[in-house]
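Per-entry structural report
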Amino acid sequence: MCCSQQLTEKDLQPLTTLPDYLDRIKGMRFFDPHVHMTSRTTDDYQAMADAGIMAIIEPAFWLGQPRTGVDTFRDYFSSLIGWERFRASQFGIRHYCTIGLNSKEANNEKLAEAVMEILPLFIYKEGVVGVGEIGFDDQTPAEEKYYRAQLELAKEANLPVQIHTPHRDKKQGTQRSMDIAIEHGLDPRMVIVDHNNEETVKEVLDRGFWAAFTIYPFTKMGNERMVEVVKQYGSERIMINSAADWGISDPLAVPKTAALMHESGIDLNDIHLVTYRNAITAFAQSGQINEADFERVKQIDQREKFNGSTVLRGGQQPRIDKNAIIIR
């Protein structure tokens, strides 16, 4: 649980510059269990590795506009277990994913039926640590239908479930998501309820589920609010993520929040649980996560190829000095 630390006046200075922030988290290890790296650049991967992010989970989600055919899902799922996993490894980060039909696109029932047919081809693949992110968006009958169907897939595969809770009517949607999961016989310890806020966290924890919080500007949680949540509820079954995607978001949200927690006097063990250990414990129930792989992936040769392609383009050489001003 949380406890106060003896901090000097210097320690309590605001974190205003990048060096201060990096110094605060030096030596810490982080796991971001929800980040959409397909939408991010290789520079983001490099910055994440430099900040101590060892591993990530990339949930399947929508791309900003509706997909028009099942083959677009097939290619997307293939990229999550293929190219994106390789790309992360080229920056020393272990990449996992969750696979599922997202709630927003579940409302296209003709397409949703076709996606449900191919999901079993992917959820058993190496690196897939859960079914997700699934749940509710507008809380329609179609969303419920395919949420229930995917809960059954997760049960059959013995995989954790990663739940997307809605932006609108969040408390009702969160309660409904948990009710349905229990109705389908899922152990709450196999269910990660994501995008929580102050309104939902108590019930999620009281019912035995994992409570994940997304540090995402304006629409979900700010990290100052997250500090207060940890101070109130402690670190048991709580984890944070960035959910960084193609919108205004920050793939460094987890280490930045760790720095703010440290500055705020939260115990280092609680920070470790919330920003690293709890996510591993929850998703390792898939049988797919081995921490030794976090170190093995650090052996990087950016000349390596995946299906004939490298992360280097047009004769590029691996960037050795990331602080250099000159870009060649």
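Computed from a predicted structure; not experimentally measured.

**Describing the overall build of the chain**
Along the backbone of the chain there are twelve helices and eight strands. Burial statistics for the chain: of 328 residues in total, 55% are counted as buried. Across the chain, the fraction of contacts at a sequence separation of at least 24, relative to all contacts at a separation of at least 6, is 76%. Carbon and sulfur atoms form 50% of the exposed surface of the chain, whose accessible area is close to 15,200 Å².

**Comments concerning helix α11 (residues 268–283)**
For an α-helix, 3.6 residues make a turn, and residues three or four places apart therefore share a direction. Across its 16 residues, α11 extends 22 Å between first and last C-alpha, which sits within 8% of the 22 Å expected from 1.5 Å per residue. Where α11 bends most, at Val-274, the angle is about 50°. If you check which residues of α11 are buried, you get Asp-270, Ile-271, Leu-273, Val-274, Thr-275, Tyr-276, Asn-278, Ala-279, Ile-280, Ala-282 and Phe-283. Taking the backbone nitrogen of Asn-269 as reference, a side-chain oxygen 2.9 Å away marks Asp-267 as the first, capping residue of α11.

**Observations concerning the confidence of the model for the chain**
Averaged over every residue, the pLDDT of the chain is 89; the share at 70 or more is 86%. This stretch, residues 1–5, has a pLDDT under 50; its non-local contacts, to residues over four places away or in other chains, come to 18 contacts. Within the model, the stretch residues 324–328 combines pLDDT values under 50 with zero contacts to residues more than four positions away or in other chains.

**Remarks on unusual backbone geometry**
Generally, phi is negative for residues other than glycine and the peptide bonds are trans, each holding for most cases. Note that the residue after Gly-132, namely Glu-133, is joined by a cis bond; omega there is -15°. Backbone geometry places Gln-139, a non-glycine residue, at a positive phi of 60°. Relative to the elements of secondary structure, Gln-139 occurs in the loop between β4 (128–135) and α6 (141–157). Judged by relative accessible area, which is 14%, Gln-139 ranks as buried. We note that Asp-169 has phi near 50°; this positive angle belongs to a residue other than glycine. Structurally, Asp-169 can be placed in the loop between β5 (161–164) and α7 (170–183).

**Digging into the packing of α6 against α7**
It is the contact of α6 with α7, at a shortest axis distance of 10 Å, that shows an interaxial angle of 45°. One way to sum up the angle between α6 and α7 is to call them oblique. Seen from above, α6 lies across α7 with right-handed handedness. Facing α6, whose interface residues are Glu-144, Tyr-147, Arg-148 and Leu-151, α7 presents Arg-176, Ser-177, Ile-180, Ala-181 and Glu-183. Its residues assigned to classes, the contact of α6 with α7 comprises four nonpolar, one polar and four charged.

**Here's the deal with the pairing of β5**
Burial along β5 is two-sided: the face carrying Val-161 and Ile-163 and the face carrying Gln-162 and His-164 are both buried. Crossover connection from β4 via α6 to parallel β5: handedness right-handed. Pairing between β5 and strand β6 (residues 191–193): three bridges, direction parallel. Note on β6: the bridge partner recorded for Val-161 is Val-191. For the crossover from β5 across α7 to β6, the handedness is right-handed.

Conventions used here
- Residues numbered from 1 in each chain as written.
- Predicted model: local features only at pLDDT ≥ 70, side-chain atom pairs only at ≥ 80, totals over all residues.
- Heavy atoms only, no water.
- Helix = DSSP H or I, 4+ residues; strand = E, 2+ residues; numbered from the N terminus.
- Buried < 20%, exposed > 50% of the residue type's maximum accessible area, 1.4 Å probe, protein only.
- Contact = heavy atoms within 4.5 Å.
- Areas by Shrake-Rupley, 256 points an atom, 1.4 Å probe, with all protein chains shown as cover.
- Expected span 1.5 Å × (residues − 1).
- Bend = angle between axes of the 7 residues up to and from the residue.
- Polar contact = N/O pair within 3.5 Å; in protein donor to acceptor, adjacent residues only side chain to side chain.
- pLDDT = per-residue confidence, 0-100.
- Axes fitted to C-alpha atoms, helices over the stretch in contact; angles between N-to-C directions.
- Parallel < 35°, antiparallel > 145°, perpendicular 65-115°, else oblique.
- Left-handed = near helix turned anticlockwise from the far one by under 90°.
- Nonpolar A, V, L, I, M, F, W, Y, C, P; charged D, E, K, R; others polar.
- Right-handed = clockwise from strand over helix to strand, strands pointing away.
- Pairing = 2+ DSSP bridges.

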